[in-house]
Amino acid sequence: MTSPILIKDTAIGEGIPKICVPITGSTEEEICREAEAAVDAGADLAEWRADYFENLLQPGGLLPVLKKLGEILEQLPLIFTIRTKEEGGQISLSMEQYRQCCLDAAGSGCADLIDVQVFGREEEKKELIRQIQRTGVRVIASSHDFEKTQETQMLLERFRVMDQTGADILKIAVMPRKPADVSAIMQATEQMQKTCRKPLISMSMGEMGGISRLQGEKFGSAVTFGVVGASSAPGQFPIGILREELLAFHEKISE
């Protein structure tokens, strides 16, 4: 049974999956405009994909944008994410650069959750998670595979390894090659939920995996991703359509 995590006024891991809108602008102006659009659209959370930001590694580039995002989003929780090219993102950077950006975001007082890619230099990532948590900020341990989907038991083991990092929320996103792949990630999430109290986030990407973004309430995924503008991963639905489908599914399984 999941123990929900309360971030500001948003309970992650309870009820209908929360809708997170990605912010993928490359300039400060674009980022702020997308944040305002997320608020106007009624998102439950926003994720700043900072790997899209052109000045991410420039001195003084990160914190002013985080401050502005905090002012715009107010009670809307903010996830800070750097997705490296190794996991389908937009930037290549050293472990030290990655670590420093995450810690700067955690110490800013403006990011509520930090997404940490846990595979690759695992021991350093575990230590980074502990350092972030010492600032009082929660951590999402994440793993993305844009090429394939492993079998259910391998995905379940992946969840378990991620759980051992001590992160607060566990997230896996995979690319399906056949319908059985979509079932595999949904089944792995459902099985993990039986033994793990942490909120889980999972999705099967692309058009084939669309059902996994809509039925998380049934199999145990606490957050789904919808778009107002540009998407940050294949298969994301516009937020309006996504909310309608989530509510319709909730009513169906509640009958």
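Described below are features of the structure shown in this document. These numbers come from a predicted model, not from an experiment.

Cut-offs applied
- Residues numbered from 1 in each chain as written.
- Predicted model: local features only at pLDDT ≥ 70, side-chain atom pairs only at ≥ 80, totals over all residues.
- Heavy atoms only, no water.
- Helix = DSSP H or I, 4+ residues; strand = E, 2+ residues; numbered from the N terminus.
- Rg over C-alpha atoms; globule rule 2.2 N^0.38 Å.
- Contact = heavy atoms within 4.5 Å.
- Areas by Shrake-Rupley, 256 points an atom, 1.4 Å probe, with all protein chains shown as cover.
- Buried < 20%, exposed > 50% of the residue type's maximum accessible area, 1.4 Å probe, protein only.
- Pairing = 2+ DSSP bridges.
- Right-handed = clockwise from strand over helix to strand, strands pointing away.
- 1 Å grid on protein atoms, 1.4 Å probe; cavity = no way out; pocket = protein on both sides within 12 Å on 5 of 7 lines; lining within 4 Å.
- Points joined across faces, edges and corners; volume = space filled by probe spheres on them.
- Nonpolar A, V, L, I, M, F, W, Y, C, P; charged D, E, K, R; others polar.
- Axes fitted to C-alpha atoms, helices over the stretch in contact; angles between N-to-C directions.
- Parallel < 35°, antiparallel > 145°, perpendicular 65-115°, else oblique.
- Left-handed = near helix turned anticlockwise from the far one by under 90°.
- Lys, Arg positive; Asp, Glu negative; His and termini not counted.
- Salt bridge = Lys/Arg side-chain N within 4 Å of Asp/Glu carboxyl O.
- Polar contact = N/O pair within 3.5 Å; in protein donor to acceptor, adjacent residues only side chain to side chain.

### With respect to the overall build of the protein
Part 1 of the argument: When helices and strands are counted, the protein shows nine helices and eleven strands.
Part 2 of the argument: Against the compact-globule benchmark of 18 Å for 255 residues, the protein has a radius of gyration of 17 Å, which places it among compact chains.
Part 3 of the argument: The principal-axis extents of the C-alpha atoms in the protein amount to approximately 50 × 40 × 30 Å.
Part 4 of the argument: Long-range pairs, those at least 24 residues apart, make up 73% of the contacts in the protein with a sequence separation of at least 6.
Part 5 of the argument: Surface exposure of the protein reaches about 11200 Å², of which carbon and sulfur atoms provide 49%.

### Observations concerning the pairing of strand S6 (residues 113-117)
Part 1 of the argument: For S6, the buried fraction is high: five of the five residues fall into the buried class.
Part 2 of the argument: Of the two faces of S6, the one lined by Leu-113, Asp-115 and Gln-117 and the one lined by Ile-114 and Val-116 are each fully buried.
Part 3 of the argument: Relative to S6, strand S5 (residues 78-81) runs parallel, the two sharing three bridges. Bridge assignment links Phe-80 to a residue of S6, and that residue is Ile-114.
Part 4 of the argument: One crossover worth recording links S5 to the parallel S6 by way of helix H3 (residues 95-107), and it is right-handed.

### Describing unusual backbone geometry
Part 1 of the argument: With phi around 50°, Glu-74 is a residue other than glycine that occupies positive phi space.
Part 2 of the argument: Within the secondary structure layout, Glu-74 lies in the loop between helix H2 (62-73) and S5.
Part 3 of the argument: Looking at Glu-74, the relative accessible area reads 58%, which means it is exposed.
Part 4 of the argument: Even without glycine at this site, Arg-121 takes up a positive phi of about 60°.
Part 5 of the argument: The topology assignment puts Arg-121 in the loop between S6 and helix H4 (122-134).

### Some details on the environment of Met-95
Part 1 of the argument: Within the fold, Met-95 resides in helix H3.
Part 2 of the argument: Judged by its relative accessible area of 11%, Met-95 falls in the buried class.
Part 3 of the argument: Separated by 67 residues in the primary sequence, Met-95 and Glu-28 have C-alpha atoms spaced 25 Å apart.
Part 4 of the argument: The contact partners of Met-95, leaving out residues within four places of it in the chain, are Arg-121, Glu-124, Lys-125 and Leu-128.

### Examining the layout of surface pockets
Part 1 of the argument: Space inside the largest pocket adds up to approximately 200 Å³.
Part 2 of the argument: If you trace the largest pocket, you find 13 residues lining it, with Thr-84, Glu-86, Leu-93, Gln-117 and Lys-125 closest to the centre.
Part 3 of the argument: Class assignment of the residues belonging to the lining of the largest pocket gives a composition of four nonpolar, five polar and four charged.
Part 4 of the argument: What the second largest pocket holds in volume is close to 170 Å³.
Part 5 of the argument: Forming the boundary of the second largest pocket are Leu-56, Leu-57, Gln-58, Gly-60, Gly-61, Leu-62, Leu-63, Gln-97, Gln-100, Cys-101 and Asp-104.
Part 6 of the argument: Secondary-structure elements contributing two or more residues to the lining of the second largest pocket are H2 and H3.
Part 7 of the argument: Here the residues of the lining of the second largest pocket sort into five nonpolar, five polar and one charged.

### Details of the packing of helix H1 (residues 28-40) against H2
Part 1 of the argument: As a packed pair, H1 and H2 sit with axes 9 Å apart at the nearest point and diverge in direction by 20°. Classified by the angle between their axes, H1 and H2 sit roughly parallel to one another. In this structure, the crossing between H1 and H2 has a hand that is right-handed. Across the interface between the two elements, Glu-28, Ile-31, Cys-32, Ala-35, Glu-36 and Val-39 of H1 pack against Val-65, Lys-68, Leu-69, Ile-72 and Leu-73 of H2.
Part 2 of the argument: Classifying every residue of the contact of H1 with H2 by side-chain character gives eight nonpolar, no polar and three charged.

### Let's talk about the side chain of Asp-168
Part 1 of the argument: Secondary-structure assignment places Asp-168 in the loop between helix H5 (152-163) and strand S8 (169-174).
Part 2 of the argument: No salt bridge is formed by the buried Asp-168. Its closest oppositely charged neighbour is Arg-138, at 4.5 Å.
Part 3 of the argument: There is a polar contact of 3.1 Å between the side chain of Asp-168 and the side chain of Gln-133.
Part 4 of the argument: For Asp-168, the side chain forms a polar contact with the main-chain nitrogen of Val-139, separated by 2.8 Å.
Part 5 of the argument: With residues near it in sequence (within four places) discarded, Asp-168 still touches Ile-5, Gln-133, Arg-138, Val-139, Lys-198 and Pro-199.

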